[in-house]
Amino acid sequence: MGILIKGDFRTKLTSKLSKYRPKDKTPGYQKEIFSELFSNFPQFKAHVAAYVERNYCGVVINDEDHSNPETLIDLISFDELLMLNRWIVDRKRPRILKQK
């Protein structure tokens, strides 16, 4: 049996998040964005946990071990951090499916 994610998917993005610059590869900036998403959006935290559990054998993300983003920033690579942060960009624009 799974646990329901208590996330309000209608939550508005903060000013900083709504102006997210995906091409800004400054580590400090990307870590700041990740920290804000991880701390304020339970659905993002669940997405990060699912990603890490799929890609890292023997690593489990839970609130006791990883209650703050700093513990995960050292675990994931910078490219992974960028990929997870792109959730903001993906959330703002609808996806267009290519037809064959």
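Residues numbered from 1 in each chain as written. Predicted model: local features only at pLDDT ≥ 70, side-chain atom pairs only at ≥ 80, totals over all residues. Heavy atoms only, no water.

Draft legend 1. Region of interest: the pattern of salt bridges. Under the definition given, this model contains three salt bridges. For glutamate 32, the salt bridge is made with lysine 16, and the minimal N-O distance between the two is 2.7 Å. Linking glutamate 32 in helix H2 (residues 27-40) with lysine 16 in helix H1 (residues 15-18), this pair joins segments that are 16 residues apart in sequence. Judged by relative accessible area, which is 31%, lysine 16 ranks as partly exposed. Residues lysine 16 and glutamate 36 are paired through a salt bridge, measuring 3.0 Å at the closest nitrogen-oxygen approach. In this pair, lysine 16 sits in helix H1 while glutamate 36 sits in helix H2, placing the two residues 20 residues apart along the sequence. If you follow the salt bridges from partner to partner, you end up with Lys16, Glu32 and Glu36 in one network. (Salt bridge = Lys/Arg side-chain N within 4 Å of Asp/Glu carboxyl O. Helix = DSSP H or I, 4+ residues; strand = E, 2+ residues; numbered from the N terminus. Buried < 20%, exposed > 50% of the residue type's maximum accessible area, 1.4 Å probe, protein only.)

Draft legend 2. Seen up close, the nonpolar core. Membership of the largest hydrophobic core comes to 25 residues, with the highest contact counts inside it found for Phe34, Leu37, Phe44, Val48 and Ile88. Listing elements by their share of this core, those giving two or more residues are H2, helix H3 (42-55), helix H4 (70-73), helix H5 (78-85) and helix H6 (87-92). Those residues in contact with phenylalanine 34, other than ones at most four positions away along the chain, are Phe44, Val48, Pro69, Leu72, Ile73, Ile76, Leu81, Leu84 and Asn85. (Core = buried A, V, L, I, M, F, W, Y, C linked by side-chain atoms within 4.5 Å. Contact = heavy atoms within 4.5 Å.)

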